[in-house]
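Report on the structure
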Amino acid sequence: MSSFAGRMKEYPNMSLDRFDRENLHARAYFLSHCHKDHMKGLKGPLLKRKLKFSLTVKLYCSFVTKELLLSNPKYAFWEDHIVALELESPTLITLIDEASGEREELVVTLLPAGHCPGSVMFLVEGAQGTVLYTGDFRLAKGDASRIEPLHSGSRVKDIKSVYLDSTFYDPRFYQIPSRETCLHAIQGLVQDWVSRSVYHTVWLNCKAAYGYEYLFTNLGDEFHTQIHVNSLDMFKKMPEILSHVTTDRASQIHACRHPKGEEFVAACRLPCGSSSSDGTPLNIISIKPSTMWFGERTQRTKVIVRTGASSYRACFSFHSSYSEIKDFLSYLQPVNIYPSVVPIGRTHADVSQLLKSMCRDVSSSAVVYRPLGALKRTRPEQQTHDVDRADWLFEGADLAPVRKRVMMQEATPTTLPNPPDEPLPLTPLITGDYMDCTESNDDDDEEEGRDLEEEERGGEERDEGSVSNSGPPPRWEEFFTTEILTDSQPNSCSHTSPSHSTLTGSQTPELFVDDFVKLPSPSISLSAGRGPSQADGMLIQSEDRCQGDALTNLDAGGEECGSHTHQSEPTESQLSSDFDIPSTPDSHRPGPDELSDLYRRLAAGEEVVTRTGSQSL
DNA sequence: GCGATCAGGT
DNA sequence: CACACCTGATCGC
């Protein structure tokens, strides 16, 4: 949970994501996204009173965040004090002290954060240097290079401080399967289920929070349906989302919620109360999006885990993994990094120590200080790395090490693939940096004999085409319209007005980079009979997967949902949507006999050797 | 009655 | 395992 107190050292007159205590006296407020833990104090009576008497205090956020916020009547009093900003449009903001009239000018730029609809990072440029407040974010490897305002021409901007979402900044969370991988795995599971009959229904057991919408839009498109949800109110200005959700309970895919939802589903009733359409009982599976993470060398990394006869967990993360954060930081090379979250079991000192290695070394030889510089330096507030103000003190034009911009997007999609042995040009600075995390993941690393280097080589070999799949970070803003749309959308996405199509393309998570491997493997599929769009992003299924740990997830226990579940369970391939798995040369696909033996042993309750540890639930 | 905080749950 | 959130109990105003 965020322990950020709301203030940045450089710009203490602005408050971000905290609105209580000392933040009550801020000159301007910034809300990175609409999750409750970033809105502390935002509906407090003290702040409400302050607004009544203030002409200048504003809340800055994205258009989508504004819409989501105001869809809750408890925040309606903010209406006239919210300034929605466009993404990636630098905006001059003057902070005024209402008592003294003192003014301070800042340039603030909203950057897409990929955490939930409307989520942004704040890039602040002013007299105290350039700082980045990330809010909560999930960016894939290489995304920083595609965010224009982080650059100045061909250079990466000189960033003094990053206030970082360090939720998963711990080597234990080294990798989290990409959004695409997770989405495709979920699609596979849903496909297998809903194709069985119209009574086969999926319940997406999502938490009461924004962030699952891209799941709804993609599943909606894939299955030509709308997802049943409790309310459409918050999406009334977001046609792309609105067209994929419905309050009509006659849907095969539900994401409705009820405090006793789990009990309902165990009793073959959906949280909305629906239990049948025409008297025939529903056949429900539940899929609970959950964060799953894996160590640096972990290879068998299941994206879907079965937790009961008709319940599954599916990998889903709102936050960047350790390696994604490292990629982000090593691209930006800030001078300071301040963590906003201390992972459980860690101290602030632990995290700060870990983060030190990601900071630019200001004493490095890249900075050559002129002997006379100290004498010339008359303005004490000047920062040694402030390029614009202090470069006359130094040799050369730049104090910050030259950081060349990397354009991943420009990687030629149609030309020859990178040579297998050459690392992809993801960051200019590090490749070996990932080695300093070897202290980690003993616990997660169940790989016995595998050689890491071999694994990496295998990965890069297959990475060929996938570089060009990288897209820009998510732009939830493009979901937004100023019109208010009504609930009377057509009941099938296939009828959705073409006027929305321009919004669709750039929003879908296909655009996220998959760090890992995709193989155009014709022999492997998550499910049969799907279109070419799935074939492109096919997950690799390891040959040896079936021998062991995949089966350990076939939990024979758990609640049964009526008598009809057994013969209609999803097939093996749905249960083990592995990702990033290089094939093992000396492994083999188990034969039917081996498989049935394993099934028999599982059914008999015998131990089956597992390399993923206990996953029984 | 309201808000803040904590425990316990999903 | 975490996350984001909810409910209910308790405390203080």
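Nothing here was measured: the structure is a model prediction, and the numbers come from that model.

Let's talk about the sheet that holds strand S1 (residues 14-16)
Within the open sheet, the 4 strands sit side by side as S1-S2-S3-S4. Their pairing is parallel. Single-partner strands in this sheet number two, and they are S1 and strand S4 (82-85). Each strand axis lies, on average, 25° off the axis of its neighbour in the sheet, ignoring direction. Relative to strand S3 (residues 59-62), strand S2 (residues 28-30) runs parallel, the two being bridged by 2 bridges. Bridge pairing in S3 places Tyr 29 opposite Leu 59. Sitting on the sheet, helix H2 (residues 63-70) touches S3 and S4, and the angle it makes with S3 is about 110°.

Comments concerning the pairing of strand S18 (residues 311-315)
The element S18 is extensively covered by neighbouring structure, given that 4 of its 5 residues are classed as buried. The sheet contact formed by strand S16 (residues 283-290) and S18 spans 5 bridges and is parallel. Residue pairing across strands places Lys 288 opposite Arg 313, the latter belonging to S18. Between strand S17 (residues 304-308) and S18, which pair antiparallel and follow one another directly, the connecting turn spans 2 residues.

Examining the domain arrangement of chain A
Domains assigned within chain A are domain 1 (14-173 + 322-357) and domain 2 (179-315). Averaged C-alpha coordinates put domain 1 and domain 2 at centres separated by 31 Å. The partner domain 2 presents 14 residues to the 14 residues of domain 1 that form the contact. Carbon and sulfur atoms supply 62% of the area buried between domain 1 and domain 2, which totals about 1200 Å² over both sides. The largest contributions to the domain 1 side of the interface with domain 2 come from Glu 67, Leu 68 and Pro 117, which together make up 37% of the buried area. Across the contact surface, domain 1 and domain 2 share 1 salt bridge. Salt-bridge contacts for Glu 67 lead to Lys 237; the nearest nitrogen and oxygen are separated by 3.8 Å.

The rules behind the values
- Residues numbered from 1 in each chain as written.
- Chains lettered and ligands numbered in written order.
- Predicted model: local features only at pLDDT ≥ 70, side-chain atom pairs only at ≥ 80, totals over all residues.
- Heavy atoms only, no water.
- Pairing = 2+ DSSP bridges.
- Helix = DSSP H or I, 4+ residues; strand = E, 2+ residues; numbered from the N terminus.
- Axes fitted to C-alpha atoms, helices over the stretch in contact; angles between N-to-C directions.
- Contact = heavy atoms within 4.5 Å.
- Buried < 20%, exposed > 50% of the residue type's maximum accessible area, 1.4 Å probe, protein only.
- Domains from an automatic or database assignment.
- Buried area = accessible area lost by both parts, 1.4 Å probe.
- Salt bridge = Lys/Arg side-chain N within 4 Å of Asp/Glu carboxyl O.

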